[in-house]
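A structural walkthrough
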Amino acid sequence: MTLMLSANPLWAAIPWNDLIGSPLAWGVVAGAISLLLLIPGSSQRARTPGLGFAAAALILLGLGMGRADSLGAQLSFWVLAALTVGSAGAAIAMRSAVYSAIWFAVSLLGTGGLFCLQNAQFLGVATVVVYAGAIVVTFLFVVMLAQPEGHDAYDRISWGPLAKPVIVGSAAVLLGLVLGTVGPALGVLGAKATAKATAKATVKTAPETAETPSDSAAKSKAESGAKAGVKTVVTESPSTKGDETAAGAAVTEPSLPNRSAIDTIDGRGHMARLGSVLFSRHLLAVELGGTLLLAALVGAVAIVIQGRDERAKQPAGAGEERDNG
Amino acid sequence: MDSKLHLLMVLVPGLPLAAAVLTALFGPRQLKAASHWPVILALAGSFLASLALLGEVKQRSAETGGQGGYEHVLALWTWVDLPEALRLDPANAKLSGGSALRDFRIDVTLRADPLTSTMLSMVTFISTLVAIFAAGYMKGERGYWRFFTYIALFVFSMTMLVSVSNFALLFVFWEAVGVCSYLLIGFWYPKPDAAAAGMKAFLVNRVGDFGFALALFLIWTTYGTLDFHDRATAASFSGEAAAPSAESTGDSPSDRATGLMGVVSPARIKANAFWGGGVGLAICLLLMLGACGKSAQFPLHVWLPDAMEGPTPVSALIHAATMVTAGVYMVTRCTPLFSASPEAQATVAVVGGATALLAGLIALTQHDLKRVLAYSTVSQLGYMFLGLGTGSLLGIVAGMFHLFTHAFFKALLFLGSGSVMHAMGHVIDMRRFSGLRHLMPITHVTFMIGCLALAGVPPLSGFWSKDAIVASLHEQAHHWQETSADGKTSPAKHASEESATIPKANAPTLLSAAALARLYQALYYLALVVAFMTAFYTFRAFYLTFYGPERVPAEAGSHAHESPWSMCGPLAILAVLAAGIGGYLEWTHGFAHFVSLAPSLAGGPVLGTEKPGEFHLTVAATSTLVALGGILLASYLYLGSKREVQWLSSKANLDELSSWMDVERVARWRNKPWIAGIHANAKTVGLGWLTLMLGNLLLFAALLLTAPMALGHYVSPYRLSYRKFYWDEIYMATVVWPLQTLGLLLAWIDRWIVDGAVNLCGRLPTQLGSLMRSLQMGLVPFYGLAMLLGTLILIAAKLLWAGS
Amino acid sequence: MADPAAELFNYLTVGGILFALGLIGFLVRRNMIVMFLCAEMMLQGISISLVAWGKYHANWGGQMLVIFILTVAACEAAIALALVLMLFHRSGKLDIAFWQEMREDGQPAYVDREIPEEREEDKVWPTLTPAGRLPSRDPEIDLHRSRV
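Quick caveat: nothing in here was measured; it's all calculated off a predicted structure.

A closer look at the overall build of chain C
A tally of regular secondary structure across chain C gives four helices and zero strands. Beginning at the N terminus, the succession of helices and strands in chain C can be written as α-α-α-α. Residue pairs at least 24 apart in sequence account for 57% of intrachain contacts in chain C once pairs closer than 6 positions are excluded. Carbon and sulfur atoms provide 59% of the accessible area of chain C, an area that totals close to 6,300 Å².

Listed below in structure tokens is the structure:
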């Protein structure tokens, strides 16, 4: 077992000491505690400590993330991320479906902002419009139809005595595992403290671990970080990226004209380029998506109509007999 | 010419088979109470055919008879053919003729020779009469058609048994008659006794059949063939169908050199190529074991009396006249094999003598009329084996002759007892009825004729055949005395003189001629004693049934009258034949001359000093006197007040001994005046406890001393005879109970360990499934949680174990 | 931002947290509407990650996928809401645990062992105007409905 563990580079690459010292990890833990305290479950809610833990979690997460160059960018990311995550937490913690929907809409606003920060302006706007404007409103309509008060006894409890802690714990472990493996692979998490260890591991398992470009980039970064002993400054990344993109495009789509111009996602003409990519390279998928939408529309209508027929056919109260049993 | 013979050979077994099929198919629905007609007609046809066959064979054997005997073989089809299945060792091959490589080939062959045709006419005749009798006896029984189907099937099997010309087929039909016997004994299967008796007969026969099967294996590996007859060449067989008949009379040995010699064929007898020594003895003893099973010889005799649970016609047909004689037939057929091994012949004689004596002793005290007859049958079969065991032509022919006559008078006696039983409402205990001679005059007269024949009173059949056996024993004793007096120390030498060319046969034997002389002398006296007992118990049963005050059991009801003509007719016919046929055949010498033309008897060492058919006045007179003595004793004891019987049986029962066992009587000593006086006096001086204690001690000692004497009560002569020498109990303790215990143990293992494992394999998935079932709780979030946990496990596995 | 990998990791963290929150909500909550909201939340987490990867690799793939996710999410919402309505019509509740009725025979019911008392200070709810026509009131049906 130990032999296997030491032989597995993924495992070996997780910087345990660093993770324990990382604010990110503690942020996840604090967030889990706050969720345990706040979301509806078998135990009574403790709002004040829960909110305290939530705030602590947000702050720790923010501290654990990498810094941007400029304060503005840093601030905007922080604010939007906090908005997204915080309101998402509120959405799952609310005992009223209406509140949940509204908090989710807020979270979507934050998501849209984050999209915009990443040069995905169209998506940012589309998310807000489609989700917050259409889907969430539909949800609200349904809530109003079905549950005008917006809350019920089953909104205050979960489905089993141990359900909440188990689920929250499992989700926290899942998140921790993902971040704990992706972070070191990207060379972000624990690069400082485990530079030597990573370098050793790389030397040891060199023949097995020469796979993905991000891996190799991380390794090179880790090595350079180990040399420099300071925070890694990657100078070669853009060129690497460019090479990769060019190479990938050359392999996959040699026939498209003016490729380089279209394929650049940064810069001006974002919408135009997105449109041309969407309706040229992904045309078939767009058509399929449209068909899917149509089918969903028809299907939804069919379901509702059929249900109405069934209800009409049944004698009064027959549909509710299940309720008694 | 041959085609007529062939037609008859096929008709004899074919008609009963057709009747069996017909009755089985149409009995239950169409024929119903008329089910006996096809069977009776077919059996009668079969009898006529066998008579015609007998005449044909008689004529042909007279034409061609002489050295080597007469046989005619009809091959119907090939049943098994495995080419080159056996490689004999060269010495064997030289002994057997033909090549060393032998094909395992069984042709379904019928044969016609004097022995077979005699048996055939006897079997079909008796079975015809029994079928007619049964039509009256079984009237109104449940399963009427079933009974006649079985009867027809049995006759087919029996005729095939004596017709086939191959050991393997002989074994097949040997089993077939066993099956029919089982079915017919258990005909009233709702009766537990009947079902148990059928099973007992079948299982005891298995022991004998096992020996028979081993004998067949030995014959195959030593002789390289299982055919009785010679097979000229393989090619001539596979040609046209009519070709394979082989008239084998006086052929020169050189013709035979190329073909295969049969086991008991004329060519082999002429060449005297038989195995002696250990192997020959083993073959003969195993064959004898088979014969013991089928013919109820000691120690396998226990099944036949129980077989009387079957319907009485069955007892008459199968268990007295025909099937039980299959062993005698088989030993006769194998006479050349037995001749090569004097020890085997002595064994046959000793077994026959022991059986005759034992069964005779048991028959003295039985109360059940049919059981007396059954033990008498066992005893007479022992007589036949005594005759066969002499090894001389005289003795063997006498055995066959006794078989022949015995079939008539024993069938007569059984049918007579069936008639009595029919009238008495199925009561057969002789203590419950008596004096039936006025009620059933025909049965009385015919039964008396049968009894006289069985007892061996001069002009009747039984006298001639029994006398022939006794005479042959006498002769054989003389023969060995002369042999030993001539200085020939070993009978083997005597035998091997005629066959110096055979290397292995007739190895030195264990018995000297003098010993054999003493043995046969003893058997001669034993035969006389048995003859006396036979006469006694036969007439005991006869007097108990038909004489004395007229008593009828309550079960008889309105039945207590003479039986219908369908039953009395066969009785009358059988009575005439039982009275006359022995004398007729004896005076014309027909039987002995004819049967001795069978190939097995027509050559080789069996042609001894004595020609059959000669009459020994002294022996005849002795045995007649003995028989009359038995009858007179029975008359004295059972015709009067029977006071002597009471006295005799109480003496024989050692009743005084049993009274010693009586605790009350011993305890009464205490009340004798002088003992009581002593006790009273002792009491006055305060020693009452002492006398009481002493008295009790003495009582205890007395009981301890008398206990072994009381045991004598259980082994008293009368009790031994009445309880059949405890053979059933001995078998129960030594064979049945251990096997039952083992069976129960194995059943337990099978049920709880083997089945348990199987059931576990079945239950385990069910249990696992019901465990998984509790996961199907219908909660969607729970399913989602399961997915989440599964994902976690996959990721953990990827991280922990999967290499990169 | 100076370090693309660090930036990517930031967005991946946010996406992961959003995904985990959605997961928790989906599994813990019993209201079907909220469960679907949480499913959408998980999709949002994925979308953020995809866009971040697209930025990191400087191609359109991420954004394209997110567009189709939007499409599929819309379809899903339409169908799912229709189904939720159907279920609501049948049970009169939005409670997913009600459908535990469909469990294996002989299995015990698992939910609703305890329902926490609602505290006074928590009993503050917004009131919404019911949408649509006022349904005809059948007292028989109302008896079995939780609230109408």
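Continuing now.
Details of the overall build of chain A
Secondary structure summary: chain A contains 16 helices and zero strands in total. Put simply, chain A has 325 residues, and 41% of those count as buried. For chain A, restricting intrachain contacts to residue pairs at least 6 apart in sequence, the fraction spanning at least 24 positions comes to 61%. As displayed, chain A has an accessible area near 16,100 Å², and 71% of this comes from carbon and sulfur atoms.

What about the confidence of the model for chain C?
Residue and element names in this part refer to chain C. Looking at chain C as a whole, its pLDDT mean stands at 81, while 78% of the residues score no less than 70. No element of chain C has a lower mean pLDDT than helix α4 (residues 139-144), which averages 65, and none a higher one than helix α2 (residues 32-57), which averages 92. Interface confidence in the predicted complex, given as ipTM, is 0.80; pTM for the same model is 0.63.

Considerations on the interface of chain C and chain B
Contact with chain C, which involves twelve residues of that partner, is made by eleven residues of chain B. Summed over both partners, the interface of chain C with chain B buries about 1,100 Å², with 69% contributed by carbon and sulfur atoms. It is L27(C), E104(C) and Q107(C) in chain C that bury the most area against chain B; as a group they hold 44% of the surface buried on that side. The tally of links between chain C and chain B comes to zero salt bridges. Viewed at the interface, chain B and chain C are joined by one residue pair in polar contact (both at pLDDT 80 or more). Here the residues of the side of chain C that touches chain B are counted per class, giving seven nonpolar, two polar and three charged.

Observations concerning helix α14 (residues 326-333) of chain B
With eight of its eight residues buried, α14(B) lies for the most part within the structure. The set of residues buried in α14(B) consists of A326(B), G327(B), V328(B), Y329(B), M330(B), V331(B), T332(B) and R333(B).

Quick notes on the side chain of E40(C)
Note that E40(C) resides in helix α2. No salt bridge is formed by the buried E40(C), whose closest oppositely charged neighbour, R29(C), lies at an N-O distance of 16 Å. In this structure E40(C) touches F104(A), Y131(A), F139(A), A73(C), E76(C) and A77(C), once residues within four positions along its chain are discounted.

Section: the packing of aromatic side chains
Residues and elements named next belong to chain B. Tallied over the entire structure, the rule returns 36 aromatic pairs over all chains. Taking the centre distance of 5.4 Å and the plane angle of 85° together, the rings of F147 and F148 count as edge-to-face. Taken as a pair, F147 and F148 share a single burial class, namely buried. Clustering of aromatic rings is evident, with ring pairs tying together F47, F125, F401, F404, F408 and F591. Looking at R206, its charged tip hangs above the ring of F202, at a distance of 4.3 Å from the centre. Here the guanidinium or amino end of K466 rests over the ring plane of Y383, the centre of that ring lying 5.4 Å away.

Considering the environment of F125(B)
All names here are of chain B. One can find F125 in helix α4 (residues 114-137). Among the residues examined, F125 registers a relative accessible area of 12% and is labelled buried. In this structure, the C-alpha to C-alpha distance between F125 and L51, residues 74 residues apart in sequence, is 9.2 Å. In this structure F125 touches F47, F408, I573, L574 and L577, once residues within four positions along its chain are discounted.

Description of the packing of α4(B) against helix α13 (residues 312-321) of chain B
Residues and elements named next belong to chain B. Axis separation between α4 and α13 bottoms out at 8 Å; the angle between their running directions is 165°. Classified by the angle their axes make, α4 and α13 are roughly antiparallel. Like other packed secondary-structure pairs, α4 and α13 cross with a definite hand, here right-handed. Mapping the contact onto sequence places M122, I126, S127, V130, F133, A134 and Y137 in α4 and T312, P313, A316, L317 and A321 in α13. Looking at side-chain class alone, the contact of α4 with α13 contains ten nonpolar, two polar and no charged residues.

Focus on the pairing of strand β2 (residues 101-112) of chain B
All names here are of chain B. In terms of burial, β2 is a largely internal element, nine of the twelve residues being buried. When strand β1 (residues 72-87) meets β2, the two strands line up antiparallel, connected through eleven bridges. Bridge pairing in β2 links L82 to F104.

Regarding the nonpolar core
All names here are of chain B. If you look at the biggest cluster of nonpolar residues, it comprises 193 residues, and the most contacted ones within it are I126, F167 and L337. Top contributing element to this core by residue count: helix α18 (residues 393-423), with 18 residues. Leave out the neighbours within four places in its chain, and F167 touches F212, L216, I219, L226, F228, V263 and C334.

Notes on the pattern of salt bridges
Applying the stated rule across the entire model yields 20 salt bridges over all chains. Two residues, R105(B) and D81(B), come together in a salt bridge whose shortest N-O distance is 3.8 Å. In this pair, R105(B) sits in strand β2 while D81(B) sits in strand β1, placing the two residues 24 residues apart along the sequence. Of the residues examined, D81(B) reaches a relative accessible area of 40% and is grouped as partly exposed. A salt bridge links K55(C) to E7(C), with the nearest nitrogen and oxygen atoms 3.3 Å apart. Highlighted residues: K55(C) in helix α2 and E7(C) in helix α1 (residues 4-28), separated in sequence by 48 residues.

Observations regarding the confidence of the model for chain A
Mean pLDDT over chain A works out to 73, with 64% of the residues at or above the 70 mark. Taken as a whole, residues 316-325 of chain A scores under 50 in pLDDT and shows 20 contacts with residues more than four places along the chain or in a different chain.

Describing the environment of A398(B)
All names here are of chain B. One can find A398 in helix α18. Sequence separation between A398 and K466 is 68 residues, and the spatial gap between their C-alpha atoms is 7.7 Å. When neighbours within four sequence positions are excluded, A398 is seen to be in contact with S465, A468 and I469.

Topic: unusual backbone geometry
All names here are of chain B. In this chain, F298 is followed by P299 through a cis amide linkage whose omega measures 5°. With respect to the element layout, P299 can be found in the loop between α11 (277-294) and α12 (303-306). In the Ramachandran plot, H426 falls in the positive-phi region, its phi being about 65° despite a non-glycine side chain. Looking at the element boundaries, H426 is found in the loop between α18 and α19 (441-455). Within the chain, Y726 stands out as a residue other than glycine whose phi angle is a positive 60°. Residue Y726 is classed as buried on the basis of its relative accessible area of 18%.

With respect to the packing of α4(B) against helix α5 (residues 144-163) of chain B
Residues and elements named next belong to chain B. One can describe the packing of α4 onto α5 by two numbers: an axis separation of 9 Å at closest approach and a directional angle of 175°. Classified by the angle between their axes, α4 and α5 sit roughly antiparallel to one another. Here T116, M119, L120, V123, T124, S127, A131, A134 and A135 of α4 come into contact with α5, specifically with Y144, F147, F148, V155, M158, T159, V162 and S163.

What counts and how
- Residues numbered from 1 in each chain as written.
- Chains lettered and ligands numbered in written order.
- Predicted model: local features only at pLDDT ≥ 70, side-chain atom pairs only at ≥ 80, totals over all residues.
- Heavy atoms only, no water.
- Helix = DSSP H or I, 4+ residues; strand = E, 2+ residues; numbered from the N terminus.
- Contact = heavy atoms within 4.5 Å.
- Areas by Shrake-Rupley, 256 points an atom, 1.4 Å probe, with all protein chains shown as cover.
- Buried < 20%, exposed > 50% of the residue type's maximum accessible area, 1.4 Å probe, protein only.
- pLDDT = per-residue confidence, 0-100.
- Buried area = accessible area lost by both parts, 1.4 Å probe.
- Salt bridge = Lys/Arg side-chain N within 4 Å of Asp/Glu carboxyl O.
- Polar contact = N/O pair within 3.5 Å; in protein donor to acceptor, adjacent residues only side chain to side chain.
- Nonpolar A, V, L, I, M, F, W, Y, C, P; charged D, E, K, R; others polar.
- Lys, Arg positive; Asp, Glu negative; His and termini not counted.
- Phe/Tyr/Trp six-rings, centres within 6.5 Å; stacked < 30°, edge-to-face > 60°.
- Lys NZ or Arg CZ within 6 Å of the ring centre and 35° of its normal.
- Axes fitted to C-alpha atoms, helices over the stretch in contact; angles between N-to-C directions.
- Parallel < 35°, antiparallel > 145°, perpendicular 65-115°, else oblique.
- Left-handed = near helix turned anticlockwise from the far one by under 90°.
- Pairing = 2+ DSSP bridges.
- Core = buried A, V, L, I, M, F, W, Y, C linked by side-chain atoms within 4.5 Å.

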